[in-house]
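Chain residues, written in single-letter form:
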Amino acid sequence: MNTKTMKHHQQHYASMGNPWSARADQVQSATGVLLGCFLLAHLHFESSILLGKEVFYRVVQFLEGGMFTSSGHGMPIVTQIFSVFVLFVVVLHAAMALRRFPVQLGQWRALRRNLQVINHKETTIWFWQMITGFILFFLAPVHIFTMITNPEIGPHLSAERVYHDNVWLLYALLLPAVVIHAMVGLYRVAVKWGVVNRRSALRKTIKILIIYLMVLGTASLISYLLIGSELSFPVQPFVPH
């Protein structure tokens, strides 16, 4: 072992014992769990469009604090404030995760060789989480920033964005990436911190969740496309009967 290699190993083991590294792992896990739980709630709230325009309208008004206004209408500023908070959590999570991201060509080659030679499920899972995380690094802020600048949500207004503004292209790429990344992330956090011991059973559960959320999200997206295709200009906000 030459001097350069010994120095590299010394730096590696020193970083493993660094208190900051341990705290960064905790922050990454905490923000990951928070974002994973948010995704589960978000996709189910969005899927209320499958029950009809009025159901979705009522859900939006409730989430935007309609019960606290005299008119019963929600306040879009609630969506803006929450979107800013989610963006902050996403940036913090990404900053912590980038510590372990391969940045050199040699690291990518070594990773690919390991994946080809060693059939290790945990490494493969980590690889796909890393790839989807890279995709989300570009797509997620676009979606969140849209909610900050244009927080008007409703059956017609949301469908207009999806269909007439071609935002469905963004969602079609974002949906599989965010679902896989979030569910795999929850799995890895549960394993890492010893929440569960039966990895095979948990992997099966995660696979079922991924399929379920993909079907749910795709069905919701199709519903918005169908509603958007029926809208006439100028688009009027949905008003329940």
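Since the model is a prediction, treat every value here as computed from it, not as a measurement.

A.B. asks: What's the story with the overall build of the protein in this structure? I'm lost.
C.D. replies: Along its length, the protein carries nine helices and zero strands. Secondary structure elements in the protein, listed N-terminal to C-terminal, are α-α-α-α-α-α-α-α-α. Of all 241 residues assigned to the protein, the portion counted as buried reaches 35%.

A.B. asks: Would you explain the packing of aromatic side chains in this entry?
C.D. replies: Ring pairs (aromatic) are described by centroid distance and by the angle formed between their planes. Counting across every chain of the model gives seven aromatic pairs. Plain terms: the ring middles of Y57 and F238 are 5.8 Å apart, the flat faces sit at 65 degrees to each other, and that makes the pair edge-to-face. Residue Y57 is located in helix α3 (residues 53-63), and its partner F238 is located in the segment after α9 (199-229); the two are separated by 181 residues in the primary sequence. You can call Y57 buried: its relative accessible area is 11%.

A.B. asks: Please explain a nonpolar patch on the surface as it appears in this structure.
C.D. replies: Judged by side-chain polarity, F45, F62, L63, M67, F68, M75, I77 and I81 come together as a nonpolar surface patch covering roughly 850 Å² of accessible area. The set of elements that each furnish at least two residues to the nonpolar patch consists of α3 and α4 (76-97). Mapped onto the secondary structure, L63 falls in helix α3.

A.B. asks: How should helix α8 (residues 168-192) be read in this particular structure?
C.D. replies: Note: α-helices contain 3.6 residues per turn, so residues at a spacing of three or four share the same orientation. Its 25 residues place the ends of α8 35 Å apart at the C-alpha level, agreeing with the 36 Å of an ideal helix rising 1.5 Å per residue. Within α8, the axis deviates most sharply at L174, by approximately 30 degrees, and proline P176 lies no more than four positions further along. In the stretch just after α8, G194 is the one whose phi turns positive, near 70 degrees.

A.B. asks: Explain the pattern of salt bridges here, please?
C.D. replies: A side chain with one charge can pair with a side chain of the opposite charge if their charged atoms come near. Overall, the coordinates contain two salt bridges when judged by the stated rule. Two residues, K192 and D25, come together in a salt bridge whose shortest N-O distance is 3.6 Å. In this pair, K192 sits in helix α8 while D25 sits in helix α2 (residues 19-46), placing the two residues 167 residues apart along the sequence. Note that R58 and E54 form a salt bridge whose closest N and O atoms lie 3.5 Å from each other. In this pair, R58 and E54 are both assigned in helix α3, four residues apart and thus about one turn of the helix distant. For E54, a relative accessible area of 32% corresponds to the partly exposed category.

A.B. asks: What is the right way to look at the environment of W168 in this model?
C.D. replies: Structurally, W168 can be placed in helix α8. The spacing of W168 and L221 is 53 residues in sequence and 7.3 Å in space, taken between C-alpha atoms. Setting aside residues up to four positions removed in sequence, W168 forms contacts with V162, L221 and L225.

A.B. asks: Would you mind going over helix α6 (residues 121-149) with me for this structure?
C.D. replies: If you check α6, its first and last C-alpha atoms are 41 Å apart, about what 29 residues at 1.5 Å a residue would give, namely 42 Å. Most pronounced at L136, the bend in α6 amounts to some 40 degrees.

A.B. asks: What's the story with the packing of α3 against helix α7 (residues 155-163) in this structure? I'm lost.
C.D. replies: In helix packing, the relevant descriptors are the interaxial angle and the interaxial distance, both defined with respect to the helix axes. Running from N to C, α3 and α7 cross one another at 100 degrees; their axes reach a closest spacing of 9 Å. By the angle between their axes, α3 is roughly perpendicular relative to α7. Where α3 abuts α7, its residues K53, F56 and Y57 lie against P155, H156 and S158. Tallied by class, the residues present in the contact of α3 with α7 amount to three nonpolar, two polar and one charged.

A.B. asks: In this structure, what is going on with the confidence of the model for the protein? I would like to understand it.
C.D. replies: Should the pLDDT be low somewhere, the predicted coordinates at that spot are not to be read in detail. Taken residue by residue, the protein gives an average pLDDT of 86. The fraction at 70 or more is 84%. Low pLDDT (under 50) marks residues 1-16, which in the prediction has three contacts with non-local residues, meaning those over four places away or in another chain.

A.B. asks: I'm lost on unusual backbone geometry in this one. Help?
C.D. replies: Trans is the prevailing form of peptide bonds, just as negative phi is the prevailing case for residues other than glycine. A cis amide bond, omega -5 degrees, links F233 with the succeeding residue P234. In this structure, P234 sits in the segment after α9.

Cut-offs used in this document
- Sequence positions are assigned chain by chain, starting from 1 and proceeding in written order.
- Note on the predicted model: pLDDT of at least 70 is required for a residue's local features to be given, and 80 or more for side-chain atom pairs to be given and counted; whole-chain, interface and lining totals, by contrast, use all residues.
- With hydrogens and water excluded, all non-hydrogen atoms of the structure serve as input to the side-chain values.
- Runs of H or I in DSSP of at least four residues are treated as helices and runs of E of at least two as strands, each being numbered from the N terminus.
- We call a residue buried when its accessible area falls under 20% of the maximum for its residue type, exposed when it is over 50%, and partly exposed in between, using a 1.4 Å probe and counting protein chains only.
- Aromatic pairs are defined between Phe, Tyr and Trp rings, using the six-membered ring for Trp, whenever the two ring centres lie within 6.5 Å; interplanar angles under 30 degrees are classed as stacked, those over 60 as edge-to-face, and all others as tilted.
- Here a patch means residues that are over 30% exposed by relative accessible area and free of salt bridges, tied together within 9 Å if like-charged and within 5 Å if nonpolar (Val, Leu, Ile, Met, Phe, Trp, Tyr).
- Only the protein chains shown count as cover for residues, with accessible areas throughout obtained via the Shrake-Rupley method and a probe of 1.4 Å.
- A pairing counts as a salt bridge when a side-chain nitrogen of Lys or Arg comes within 4 Å of a carboxyl oxygen of Asp or Glu.
- Expected helix span is computed as 1.5 Å times (number of residues minus one).
- The angle separating two fitted axes, one through the seven residues that finish at a residue and one through the seven that start at it, defines the bend at that residue.
- Contacts are assigned to residue pairs that have any heavy atoms within 4.5 Å of one another.
- Between N-to-C directions, angles span 0 to 180 degrees; the directions come from axes that are lines fitted to C-alpha atoms, helices contributing only their stretch in contact.
- Under this scheme an angle from 65 to 115 degrees is roughly perpendicular, one under 35 degrees roughly parallel, and one over 145 degrees roughly antiparallel; angles in between are oblique.
- Each residue receives one of three labels: charged for Asp, Glu, Lys and Arg, nonpolar for Ala, Val, Leu, Ile, Met, Phe, Trp, Tyr, Cys and Pro, and polar for the others, Gly being one of them.
- Each residue carries a pLDDT score, the predictor's confidence in it, ranging from 0 to 100.

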